Amino acid sequence: MAAKNDATVLAFEKKLVPSDGYLYGTTWNDRSNLKPLALTPKSVRGTISNRLKPALQNDPLKLNAEVEKPNLQTVDACALAEDQDTLKLSFTLKVLGGVDKPSACNGPNFNASYPGVAQAYIEQEGFTELAKRYAVNIANARYLWRNRVGAEKIEVVVDTGDGEQLVFDAKQFSLRDFNAANMDLQKLAGKIADALCGRLPYLLISVEAYALVGKAQEVYPSEELILGNGKGDKSKILYAVNGTAALHSQKIGNAIRTIDTWYPGHDDGAIGIGPIAIEPYGAVTNLGKAFRTPKDKADFYSLFDRFALGEKLSNKDQEHYVMAVLVRGGVFGQSGKE
Amino acid sequence: MTRRLLLIPHLQIHNANAMSSPYTIGFPAMTAWLGGVHALQRHLRQQGLTDIELTGAAISCHRFDLQTHKGQGDFVHSIVGTANPLDKDGGRPAFVEEARCHLEVSLLIELQGFDTDERERLEATLNQQLCRMKWAGGDVLAVKPVEIHTVDEDDDHSVRKLLNRLMLGYVLVERRELMVQVMRDEGRDALDALLDFLKLMHRSEQDENGKVTWSSQRKAPGWLVPIAVGFQGISELGQAANQRDLGTPHRFAESVVTLGEFKMPYRITNLDDVLWQYHADTERNLYLCRTLTAANLIGD
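Residues numbered from 1 in each chain as written. Chains lettered and ligands numbered in written order. Predicted model: local features only at pLDDT ≥ 70, side-chain atom pairs only at ≥ 80, totals over all residues. Heavy atoms only, no water.

A. The sheet that holds strand S4 (residues 78-81) of chain B, seen in detail. Read from one edge of the open sheet, three strands run S12(A)-S4(B)-S3(B), paired in antiparallel fashion. Among the strands making up the open sheet, the edge pair consists of strand S12 (225-226) of chain A together with strand S3 (68-69) of chain B. In this sheet, S4 of chain B lies alongside S12 of chain A in antiparallel orientation, the contact comprising two bridges. Following the sheet pairing, leucine 225 of chain A is matched in S4 of chain B by glycine 81 of chain B. (Pairing = 2+ DSSP bridges. Helix = DSSP H or I, 4+ residues; strand = E, 2+ residues; numbered from the N terminus.)

So this is what it looks like as structure tokens:
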């Protein structure tokens, strides 16, 4: 039997480090005038509209009694002001190298083989494929998430720190594939690849995305995950930093690494939902579904255990996927009991 | 005596670990900061600056944003959580409550073995490395260029000028001596002594007209906080299964928690009050971070 991946403590730091995304309101034609967006709590009288038990549904009296209850709720909301028609989202993205070094590792076998494998990948591929896909996701403004829906125009301004601004018309870039070709895009992808390969010490990109969503329209910051929130009466709490509505950095990171078109079923029109985020099990949160299951031997751990010990994977796409998970980072150790 | 100090101004950190100790959340533990400084020293040595020693560090906090939420009418704060990725069936794994914070700090680090000819190289290496590091488990979003200062300890003015660079903020100083005093004088055990200083006492007084006035106070003035400052070894040195580093002996340990105080830098007069150092007391199996001033006060 071939050597076993013996690392029980194994972790990789993320190599794409996004900041929180801050939301501002402005106008499409005059962007110099911009204001941070604040959250506004509002209380509404809701309706009872959930699916009721058959016993209630069939008894008109009981049904009336049920739906007459005032369903009072307090929620956070965020919207542009009445004189603003454009949402500005700004964040920075740091790109680091050093994917050939785990941040913590205790396996001698693993340590002996993995760095060579990673360096071979860097030498052969130079991260060009991954960098291009990340760049497309920066250009297509996927990180606007729901704010992207229904926006009339979207413009993305990227500054890679050398004084020159790259401007992208986000609607020109598809969310379904990564076939775009564009001078500015190549420039951005080249820089990201350089940083991932370690040719640059690090790269700091600042991104400003402008979305024309219409005057006084509602915009969507991240919602906070609060456990054990029993007593408070607010049922939806949005994220803000120093009073400015914001998107969580994790959410921006997820959008940028939505580059996985190599999962089983991607080409199948019935299943395929376009690119999914790079995750060890190909998990898509809002579908509650994992596309890369260990049963198909398509999950990260099945591939990585072979790859890290120098075994060839069946195609380049699988290598891209494995390296993309390492760029994402995470704790990949296994139980020492087996 | 002149001392050389390295200032890392306005380090902005995102999603840092907010465990101050195993029991409390708040400002990241002192071990996290000294660990970061040690990582920095190891990097400098790998880069060929082999004589450099970073012997102590002070930390000043400019902005602190703990990720908790307290709604109207809530009695306690709840931790704002993050979700783990879905498992292999697409299901949601258990939530793990982890306290996080965003913060902005300045670090003042004592430099030894520093050759002025290497100044430029040192500064360039540091500026580059700082952006690539993690601090207290959080990501560095931005940092201003580092500065190297020389101060004459006997010249109050030069010390003051440097400490002013830590404004506006609060520096963490050690207040272990308060606990030691209460344990010695009042015979309390360590946990009681710690709690004595943290609890708020509400007292009522009734004057001759029957009017009741309430007052609230703590045992000692100042912004006292519990902090983790190191480890107490609880097993022999040896090998354990699956230990992280096979080349270094392993030992089980538990955290040492003591009192710290956040002070405005203008109230500091002596650099030793704020510079924390590693100290290993191998006879008592203690691995501590401490300030020289506190160590001298207690006499260990």
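The rest of the description comes next.
B. Quick look at the interface of chain B and chain A. The interface is formed by 37 residues belonging to chain B together with 42 residues belonging to chain A. Inspection of the chain B/chain A interface yields one salt bridge. A salt bridge links lysine 14 of chain A to aspartate 139 of chain B; the shortest N-O distance between them is 2.9 Å. Taken together, chain B and chain A are joined by 10 residue pairs in polar contact (both at pLDDT 80 or more). Where the side of chain B that touches chain A is concerned, the elements lending two or more residues are strand S1 (2-17), strand S2 (53-66), S4, strand S5 (100-112), helix H2 (119-132) and strand S7 (138-142) of chain B. For the side of chain B that touches chain A, the leading source of residues is S4 of chain B, giving four residues. Residues of the side of chain B that touches chain A, tallied by class, amount to 10 nonpolar, 14 polar and 13 charged. (Contact = heavy atoms within 4.5 Å. Salt bridge = Lys/Arg side-chain N within 4 Å of Asp/Glu carboxyl O. Polar contact = N/O pair within 3.5 Å; in protein donor to acceptor, adjacent residues only side chain to side chain. Nonpolar A, V, L, I, M, F, W, Y, C, P; charged D, E, K, R; others polar.)

C. Focus on a nonpolar patch on the surface. Taken together, the side chains of Phe231, Leu237 and Tyr287 of chain B present a nonpolar region at the surface, about 280 Å² in accessible area. Positionally, leucine 237 of chain B belongs in the loop between strand S12 (223-233) and strand S13 (253-263). (Patch = residues over 30% accessible without salt bridge, like charges linked within 9 Å, V, L, I, M, F, W, Y side chains within 5 Å. Areas by Shrake-Rupley, 256 points an atom, 1.4 Å probe, with all protein chains shown as cover.)

D. Broad picture of the sheet that holds strand S5 (residues 40-46) of chain A. Residues and elements named next belong to chain A. Pairing is mixed in the open sheet, where three strands are placed in the order S5-S6-S13. Each edge of the sheet is formed by a strand with only one pairing partner; in this case those strands are S5 and strand S13 (234-236). Neighbouring strand axes in the sheet, compared pairwise and without regard to direction, differ in orientation by 40° on average. By the bridge criterion, two bridges tie strand S6 (residues 71-77) to S13 in an arrangement that is parallel. Within S13, the position partnered with threonine 74 by the bridge is lysine 234. (Axes fitted to C-alpha atoms, helices over the stretch in contact; angles between N-to-C directions.)

E. Representation of the packing of helix H3 (residues 108-125) of chain A against helix H8 (residues 316-328) of chain A in the model. All names here are of chain A. Viewed as axis vectors pointing N to C, H3 and H8 meet at an angle of 115°, and their least axial separation amounts to 12 Å. Comparing the axis directions of H3 and H8 gives the class roughly perpendicular. Note that H3 runs across H8; the crossing there is left-handed. Of the residues in H8, those touching H3 at Tyr114, Ala118, Tyr121, Gln124 and Glu125 are Lys316, Glu319, His320, Met323 and Leu326. (Parallel < 35°, antiparallel > 145°, perpendicular 65-115°, else oblique. Left-handed = near helix turned anticlockwise from the far one by under 90°.)

F. Examining the packing of aromatic side chains more closely. All names here are of chain A. Taken as a whole and assessed by the stated rule, the structure comprises 22 aromatic pairs over all chains. Taken together, a centroid distance of 6.1 Å and an interplanar angle of 65° make the contact between tyrosine 114 and phenylalanine 304 edge-to-face. With tyrosine 114 in helix H3 and phenylalanine 304 in helix H7 (residues 300-307), this pair connects stretches of sequence that are 190 residues apart. Take tyrosine 114 and phenylalanine 304: they sit in the same class, and that class is buried. For the pair phenylalanine 168 and phenylalanine 173, a centre-to-centre distance of 5.7 Å together with 75° between the ring planes defines the contact as edge-to-face. As far as the burial class goes, phenylalanine 168 and phenylalanine 173 line up, both buried. Every member of this aromatic cluster is reached through a ring pair, and the members are Phe12, Phe110, Tyr114, Tyr281, Phe300, Tyr301, Phe304 and Phe332. Over the aromatic face of phenylalanine 291 sits the side chain of lysine 289, whose NZ or CZ is 4.9 Å from the ring centroid. (Phe/Tyr/Trp six-rings, centres within 6.5 Å; stacked < 30°, edge-to-face > 60°. Buried < 20%, exposed > 50% of the residue type's maximum accessible area, 1.4 Å probe, protein only. Lys NZ or Arg CZ within 6 Å of the ring centre and 35° of its normal.)

G. Region of the structure containing the pairing of strand S11 (residues 202-212) of chain A. All names here are of chain A. With 11 bridges joining them, strand S7 (residues 86-96) and S11 adopt antiparallel strand pairing. Paired with threonine 86 across the strands is leucine 212, a residue of S11. With six bridges connecting them, strand S9 (residues 154-159) and S11 associate as antiparallel partners. When the sheet's bridge partners are listed, valine 156 is paired in S11 with alanine 209.

H. Structural view of the nonpolar core. All names here are of chain A. If you look at the biggest cluster of nonpolar residues, it comprises 78 residues, and the most contacted ones within it are Phe127, Tyr143 and Ile192. It is helix H5 (residues 183-197) that contributes the most residues to this core, eight residues altogether. When sequence neighbours within four positions are dropped, the list of residues in contact with tyrosine 143 reads Leu89, Phe91, Asn137, Ile138, Val156, Val207, Ala209, Leu247, Ile252, Ala255 and Ile256. (Core = buried A, V, L, I, M, F, W, Y, C linked by side-chain atoms within 4.5 Å.)

I. Looking closely at a negative patch on the surface. Together, Asp51, Glu53, Asp115 and Asp117 of chain B make up a negatively charged patch on the protein surface. Within the fold, aspartate 51 of chain B resides in the loop between helix H1 (30-46) and S2. (Lys, Arg positive; Asp, Glu negative; His and termini not counted. Charge placed at Lys NZ, Arg CZ, Asp CG, Glu CD.)

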